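# Structure at a glance
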Amino acid sequence: MELIPHQANKNPITSAQLTPPSPSRYENQKRRDSNTFCQYLRNHRPPLSLPSCSGAHVLEFLRYLDQFGKTKVHHQNCAFFGLPNPPAPCPCPLRQAWGSLDALIGRLRAAYEENGGPPEASPFASRAVRLYLREVRDFQAKARGVSYEKKRKRVNRQRTQTLSQTQPPLPLQQQQPQQGQSVMANYSGAIV
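What counts, and where the lines are drawn
Residues numbered from 1 in each chain as written. Predicted model: local features only at pLDDT ≥ 70, side-chain atom pairs only at ≥ 80, totals over all residues. Heavy atoms only, no water. UniProt positions renumbered as here; feature names shortened; annotations may be inferred. Helix = DSSP H or I, 4+ residues; strand = E, 2+ residues; numbered from the N terminus. Buried < 20%, exposed > 50% of the residue type's maximum accessible area, 1.4 Å probe, protein only. Areas by Shrake-Rupley, 256 points an atom, 1.4 Å probe, with all protein chains shown as cover. Phe/Tyr/Trp six-rings, centres within 6.5 Å; stacked < 30°, edge-to-face > 60°. Lys NZ or Arg CZ within 6 Å of the ring centre and 35° of its normal. Core = buried A, V, L, I, M, F, W, Y, C linked by side-chain atoms within 4.5 Å. Contact = heavy atoms within 4.5 Å. Disulfide = S-S within 2.5 Å.

- The name given to the protein chain in an unreviewed UniProt entry is ALOG domain-containing protein, with Brassica campestris as the source organism.
- The record held by UniProt for the protein chain lists under Sequence similarities (unreviewed entry) the comment "Belongs to the plant homeotic and developmental regulators ALOG protein family."
- Regarding the protein chain, the relevant UniProt record gives this comment under Subcellular location (unreviewed entry): "Nucleus".

See the structure below:
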């Protein structure tokens, strides 16, 4: 009878394998934003729960956040309205930047859906919230003299590339006309 020595575990579990991977920066921010919004609802008078929340409550929250903003938004009657780099300070208020609000709503919407909320009932996806974000974007763009235009699709560029790939280039001798001849090349490369 042959004795087999006891083998040590070849794949010992280390503490690094037991701990789950740390959440990403986005996941951490999404969790903090969700907690902040839920805290806002608990402090609301009367207190609200997330399922009873509507788009109007989300708008109240966004307006509440404006007091913590760091972006100067000029009033229409301000001398610096429409200037991207004002030459002097002015008494116009600081607000939340449109990009920050848009990203916040995106994270809150994702958190709502990940926690079982139906997308069609999401207060963060309501029409009122979308319109408010569009108004904030447009007004801040005018106040700062920056335009947010939609990027146009480059369909013509793609067509040009595909046409140039299907047509072979003309031979060098056909590209340069000889003396006294006019050269017109058609798609086959023949001289007419």
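## Overview of the overall build of the protein chain
- Counting secondary structure elements, the protein chain contains seven helices and two strands.
- Its helices and strands taken in sequence order, the protein chain reads α-α-α-β-β-α-α-α-α from the N to the C terminus.
- The buried share of the protein chain, reckoned over its 192 residues, is 24%.
- Of the roughly 15200 Å² that the protein chain leaves accessible, carbon and sulfur atoms contribute 53%.

## With respect to the packing of aromatic side chains
- Scanning the model with the defined rule gives nine aromatic pairs in all.
- Aromatic side chains F81 and F139 sit 6.0 Å apart centroid to centroid with 45° between the ring planes, which places their arrangement in the tilted category. With F81 in the loop between β1 (71-72) and β2 (94-95) and F139 in helix α5 (residues 127-144), this residue pair connects regions lying 58 residues apart in the sequence.
- Of the residues examined, F139 reaches a relative accessible area of 31% and is grouped as partly exposed.
- Among the aromatic residues, ring-to-ring pairing joins F37, Y40, F61, Y64, F68, Y112 and F124 into one connected group.
- Sitting above the plane of the W98 ring, R137 keeps its charged end 5.9 Å from the centroid.

## So, the nonpolar core
- In this structure, F37, V58, F61, L62, I105 and F124 are the most contacted members of the largest nonpolar core, which totals 20 residues.
- Listed by contribution, the elements that provide at least two residues to this core are α2 (25-43), α3 (55-65), α4 (98-114) and α5.
- Per-element tally for this core: the top contributor is α4, with six residues.
- Apart from the residues lying within four places of it in its own chain, the contact partners of F61 are T36, F37, Y40, L104 and L108.

## Thoughts on the state of the cysteines
- In the structure shown here, the tally under the stated rule is zero disulfides.
- Unpaired in terms of disulfides, C78 finds its nearest cysteine sulfur in C92, a separation of 3.6 Å.
- Taking the relative accessible area as the measure of exposure, C92 reaches 6% and is therefore buried.

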